[in-house]
Amino acid sequence: MDKMWAGRFEKALNKEADDFNSSIHFDSRMYKQDITGSIVHAKMLGDKGIITEDEKAQIINGLGGILEDIESGKLSFDMDAEDIHMFIESELTKRIGDAGKRLHTARSRNDQVALDIRLYLASECEEIGGLLLKLIEAIKDKANENTDAIMPGYTHLQRAQPITFAHHILTYAFMLKRDFDRINDAVGRMLSQCPIGSCALAGTTYDTDRRFEAEHLGFTGIALNSIDGVSDRDFCLELISDFSILMMHLSRFSEEIILWSSWEFKFVELDDSYTTGSSIMPQKKNSDMAELVRGKTGRVYGDLMALLTTLKGLPLAYNKDMQEDKEAIFDAVDTVKKCLSIFAPMVATMKVLKGNMYKAAGEGFINATDLADYLVKKGMPFRTAYKHVGEIVGYCIKNGFVLENLPLEKYKEFDPLFDEDLYEEISLETCVNKRISAGSTGPQSVKKQIEYITEFLNK
Ligand code: ARG
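Remember, predicted model here, so these are calculated numbers, not experimental data.

What counts and what doesn't
- Residues numbered from 1 in each chain as written.
- Predicted model: local features only at pLDDT ≥ 70, side-chain atom pairs only at ≥ 80, totals over all residues.
- Heavy atoms only, no water.
- Helix = DSSP H or I, 4+ residues; strand = E, 2+ residues; numbered from the N terminus.
- Rg over C-alpha atoms; globule rule 2.2 N^0.38 Å.
- Contact = heavy atoms within 4.5 Å.
- Areas by Shrake-Rupley, 256 points an atom, 1.4 Å probe, with all protein chains shown as cover.
- Lys, Arg positive; Asp, Glu negative; His and termini not counted.
- Charge placed at Lys NZ, Arg CZ, Asp CG, Glu CD.
- Core = buried A, V, L, I, M, F, W, Y, C linked by side-chain atoms within 4.5 Å.
- Buried < 20%, exposed > 50% of the residue type's maximum accessible area, 1.4 Å probe, protein only.
- Axes fitted to C-alpha atoms, helices over the stretch in contact; angles between N-to-C directions.
- Parallel < 35°, antiparallel > 145°, perpendicular 65-115°, else oblique.
- Left-handed = near helix turned anticlockwise from the far one by under 90°.
- Nonpolar A, V, L, I, M, F, W, Y, C, P; charged D, E, K, R; others polar.
- Pairing = 2+ DSSP bridges.
- Phe/Tyr/Trp six-rings, centres within 6.5 Å; stacked < 30°, edge-to-face > 60°.
- Polar contact = N/O pair within 3.5 Å; in protein donor to acceptor, adjacent residues only side chain to side chain.
- Salt bridge = Lys/Arg side-chain N within 4 Å of Asp/Glu carboxyl O.
- Patch = residues over 30% accessible without salt bridge, like charges linked within 9 Å, V, L, I, M, F, W, Y side chains within 5 Å.

Draft legend 1. Broad picture of the overall build of the protein. Secondary structure assignment for the protein yields 19 helices and four strands. For a compact globule of 459 residues, the expected C-alpha radius of gyration is about 23 Å, and the protein comes in at 31 Å, more than 25% above that figure. Taking the contacts inside the protein whose residues are at least 6 apart along the sequence as the reference set, 75% of them involve residues at least 24 apart. When the accessible surface of the protein is totalled, it reaches about 22400 Å², and 53% of it is carbon and sulfur. With 55 positive and 73 negative side-chain charges, the protein shows a spacing of 3 Å between the two charge centroids.

Draft legend 2. Focus on the nonpolar core. Core analysis: the largest hydrophobic core is formed by 109 residues, its most contacted members being Leu-121, Phe-165, Leu-239, Phe-243, Leu-250 and Ile-257. Looking at which element gives the most residues to this core, the answer is helix α6 (residues 109-145), with 16 residues. In this structure, Ile-257 is in contact with Val-268, Leu-270, Ala-290, Phe-343, Met-346, Val-347 and Met-350, ignoring residues within four places of it in sequence. Of all hydrophobic cores here, the second largest spans 19 residues; its members include Ala-368, Leu-371, Ala-372 and Leu-408.

Draft legend 3. Up close: the packing of helix α10 (residues 234-261) against helix α12 (residues 325-348). At a minimum axis separation of 10 Å, α10 and α12 run at an interaxial angle of 30 degrees. Looking at the two axes, α10 sits roughly parallel to α12. At the point where α10 passes α12, the crossing takes the left-handed sense. Contacts between α10 and α12 involve Cys-236, Leu-239, Ile-240, Phe-243, Leu-246, Met-247, Leu-250, Phe-253, Ser-254 and Ile-257 on the former and, on the latter, Ala-328, Ile-329, Ala-332, Val-333, Val-336, Cys-339, Leu-340, Phe-343, Met-346 and Val-347. A per-class count over the contact of α10 with α12 returns 19 nonpolar, one polar and no charged.

Draft legend 4. View of the pairing of strand β1 (residues 150-155). Note: β1 against strand β2 (residues 158-164), six bridges, orientation antiparallel. By the bridge assignment, Gly-153 is partnered in β2 with Gln-161.

Draft legend 5. Expanded view of the packing of aromatic side chains. Under the definition given, this model contains 16 aromatic pairs. Aromatic pair Phe-77 and Phe-87: ring centres 5.7 Å apart, planes at 70 degrees, arrangement edge-to-face. Pair noted here: Phe-77 is in the loop between α4 (53-72) and α5 (84-96) and Phe-87 is in helix α5, with a separation of 10 residues, a long-range link. We classify Phe-77 as partly exposed; its relative accessible area is 24%. One aromatic cluster is present, built from ring pairs that chain together Tyr-374, Tyr-411, Phe-418 and Tyr-423.

Draft legend 6. Spatial organisation of the side chain of Gln-449. Locating Gln-449 in the fold gives a position in helix α19 (residues 443-458). For Gln-449, the side chain forms a polar contact with the main-chain oxygen of Gly-439, separated by 3.3 Å. A distance of 3.3 Å separates a polar atom in the side chain of Gln-449 from the backbone oxygen of Ser-440.

Draft legend 7. Here's a closer look at the pattern of salt bridges. Counted by the stated rule, this structure contains 38 salt bridges. Close ionic contact of Glu-238 with Arg-189 constitutes a salt bridge, the shortest N to O distance being 2.4 Å. Within this pair, whereas Glu-238 is found in helix α10, its partner Arg-189 is found in helix α7 (residues 165-190), the two being separated by 49 residues in sequence. Classification of Arg-189 by relative accessible area gives partly exposed; the value is 45%. Through salt bridges that share partners, Asp-69, Lys-74, Glu-91, Lys-94 and Arg-95 make up one connected network.

Draft legend 8. Here's a closer look at a nonpolar patch on the surface. On the surface, Leu-201, Ile-227 and Leu-316 cluster together into a nonpolar patch covering about 280 Å² of accessible area. By secondary structure assignment, the location of Leu-316 is in the loop between α11 (288-311) and α12. Among the residues examined, Leu-316 registers a relative accessible area of 69% and is labelled exposed.

Encoded structure:
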């Protein structure tokens, strides 16, 4: 394909250099945004009298035809083109002749590409948002089914205090809701600064209407500095940062699902349709999907590091280095979408083994804090009670007791404040049901949490 810029050169571009330079094999996915941007640009040029009404109509029809033909498969991308912008423009000119050559008036590929990525990301983020909501819903439903499932809550991966599975899993709903909000915030900021009309970097001598273009493309404002409009990719970085945090959350959740699925825990069982077997060990049921999500988290962090590093030394304004933004952000978007799509049904079909959780909760002295609180309620300062209970736990471990079955006489030897009612106070059910503070594992609090998430989902 002849280069549009060939006029200034005496020799053609070396074939390998041409391939190296070309981005069509990855930026062709922005064809729709490129065409949408060009249609609005042509409208503006026509309305401002920069091109004629007839040229405007020819361009808009021509672009509409190209879009239709790409979507129906009639037109395929020319992989020899330099990028999607050049491809569409030259296809337009092929179709409508001279009018097509007027489309690029008062713009440059620099502001064009800065626009296309923003439009593309806005649409992808909408999809990601939808997938996030589905996952949050699956978590909320799982929580709803398991408000009575008592399990050990952990700190340092040591059994710490009894909680309900509903309380535990809802944590991820809150994390993912913040991810949802963060992505929306970033999209809002991105769409407040429409770059088109910044042109190469310095703006233009034509009397254009940038606000018209911004408004018709779904932006709430324009980039107020044309150099800024074409030079920054901070919106890509912000989104990949948000995706990285989101992936970190999914990775932690994955790690727990993997642990819980092990024979050592057996708190949950993943559905056969989301697990795999081993090629050699017939007994194995592997949590491959969760492991892959955990693994792909590193890949998204890599995309963030790659783009941060690409941008850090660039002088203003556009540099070709910036073409590298796309593969990083596209990879992050694709990865997040795939992970979310697999995660929601994996959680929805996951079986919760309440009996095993309950058994584990009874084995680790996780009601020791409640035993100390028992003494505190009888008047003892907390620090003294804490020390007493520590000694009792030590005695139990040495002599093969748990707090629930240590005889009352023995308790009384440690402190006369102990009485028969202590057993009721340290039952797992009491430990959970008596937690009344806001946000706690107690049933009233968990109910409120579920209501909050439900309300968010209904909005
Ligand atoms: N393919 C290029 C990119 O992705 C489009 C912008 C090219 N601009 C330029 N001045 N060469 O960044």
